Amino acid sequence: MDIGGSVQTLEGRVKSFKPDEYVILDNGSEEKSHEKWNKPDIEYDINQEITIPKDDPYIGWTNFDQIFMIEVSEYLYDPLQALKNINQLLKKGGVFYSSWHFLYCQHPPKGKDFLRYTPDAVEFLHKKAGFKIIEHIPRVLKDDFSKSTLMALITNEGMRGWKEFDNTIIGSIVKARK
């Protein structure tokens, strides 16, 4: 399952992508901010508690081996509920791959870009939702110019960062198991 994959599917974004079955779950928003838009197989707001009617054609929702949520975490307005839902959708032992923005500019669609996540928040939310984190990879600024520019901004604004924290971290990539 690809959560939020209507704009850009996983094909070409994941190194080894040859699924037996591929399903996109997205909110089905008519407010499309990108030219390319793939109609989701399942239209659902992952922030809302999942209740599956018995006659639902996707009764197999809770049967996924892998779920991906890549580059859409900023659109979550209830991240804990979303993660609990994702946990519910996975088979026992299933794997969840996700990316989480910590430092990223606000972007379209207007009124839908909500949150950014520290590495501590990412770990807390996963554990609270019942996941075991297998791997947590920090996303960091790669070049010296970007690092020095960020550090200059922090200094100029009088911010006081945690000295033991790598202040070049801009996000997280997580592999977790149900």
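See the structure shown above.
This is a predicted model, so every value here is computed, not measured. (Residues numbered from 1 in each chain as written. Predicted model: local features only at pLDDT ≥ 70, side-chain atom pairs only at ≥ 80, totals over all residues. Heavy atoms only, no water.)

## Some thoughts on the overall build of the chain
Across its full length, the chain holds three helices and seven strands. Within the chain, the proportion of its 178 residues that are buried is 36%. Sequence separation of 24 or more characterises 71% of the internal contacts of the chain that already satisfy a separation of 6 or more. Within the structure as shown, the chain displays about 11100 Å² of accessible surface, and the carbon and sulfur contribution to it stands at 51%. (Helix = DSSP H or I, 4+ residues; strand = E, 2+ residues; numbered from the N terminus. Buried < 20%, exposed > 50% of the residue type's maximum accessible area, 1.4 Å probe, protein only. Contact = heavy atoms within 4.5 Å. Areas by Shrake-Rupley, 256 points an atom, 1.4 Å probe, with all protein chains shown as cover.)

## Looking at the environment of I173
Take I173: it is sitting in strand β7 (residues 169–177). Taking the relative accessible area as the measure of exposure, I173 reaches 38% and is therefore partly exposed. Distance from I173 to S98, taken between C-alpha atoms, is 5.8 Å for residues 75 residues apart in sequence. Here I173 is in contact with S98, S99, E135, H136, I137 and R139, once residues within four sequence places are set aside.

## Some thoughts on helix α1 (residues 79–89)
Among the eleven residues in α1, eight count as buried, and that is most of the element. Contacts from the buried residues of α1 go to β1 (2–3), β4 (64–69), β5 (90–101) and α2 (119–128).

## Looking at the nonpolar core
Membership of the largest hydrophobic core comes to 27 residues, with the highest contact counts inside it found for I46, I67 and I86. Of all the elements in the fold, those that place two or more residues in this core are β4, α1, β5, α2 and β7. In contact with I86, other than residues within four places in its own chain, are I3, I46, I67, M69, F96 and F131. (Core = buried A, V, L, I, M, F, W, Y, C linked by side-chain atoms within 4.5 Å.)

## Re the pairing of β7
Inspection of the sheet shows β5 paired to β7 by seven bridges, in the antiparallel sense. Across the sheet, the residue bridging to Y97 is K175, located in β7. Of the strand pairs in this sheet, strand β6 (residues 132–140) and β7 are connected by eight bridges, and their pairing is antiparallel. Each residue of the ladder has a partner; that of R139, found in β7, is G171. (Pairing = 2+ DSSP bridges.)

## Re unusual backbone geometry
The omega torsion across P108 and P109 is 5°, close enough to zero to call that bond cis. Within the fold, P109 resides in the loop between β5 and α2. One non-glycine residue with positive phi stands out, namely E71, at about 60°. In this structure E71 comes out as partly exposed when scored by relative accessible area, which is 27%.

## Thoughts on the pairing of β5
Both β4 and β5 contribute to a ladder of five bridges, which runs parallel. Residue pairing across strands places F68 opposite Y97, the latter belonging to β5. In this fold, β4 hands off to α1, which returns the chain to β5; that crossover is right-handed. (Right-handed = clockwise from strand over helix to strand, strands pointing away.)

## Concerning the packing of aromatic side chains
Under the counting rule described, the total for this entry stands at five aromatic pairs. With 4.8 Å between their ring centres and 85° between their planes, W100 and Y117 make a pair best called edge-to-face. In this pair, W100 is assigned in strand β5 and Y117 in the loop between β5 and α2, connecting sequence segments 17 residues apart. (Phe/Tyr/Trp six-rings, centres within 6.5 Å; stacked < 30°, edge-to-face > 60°.)

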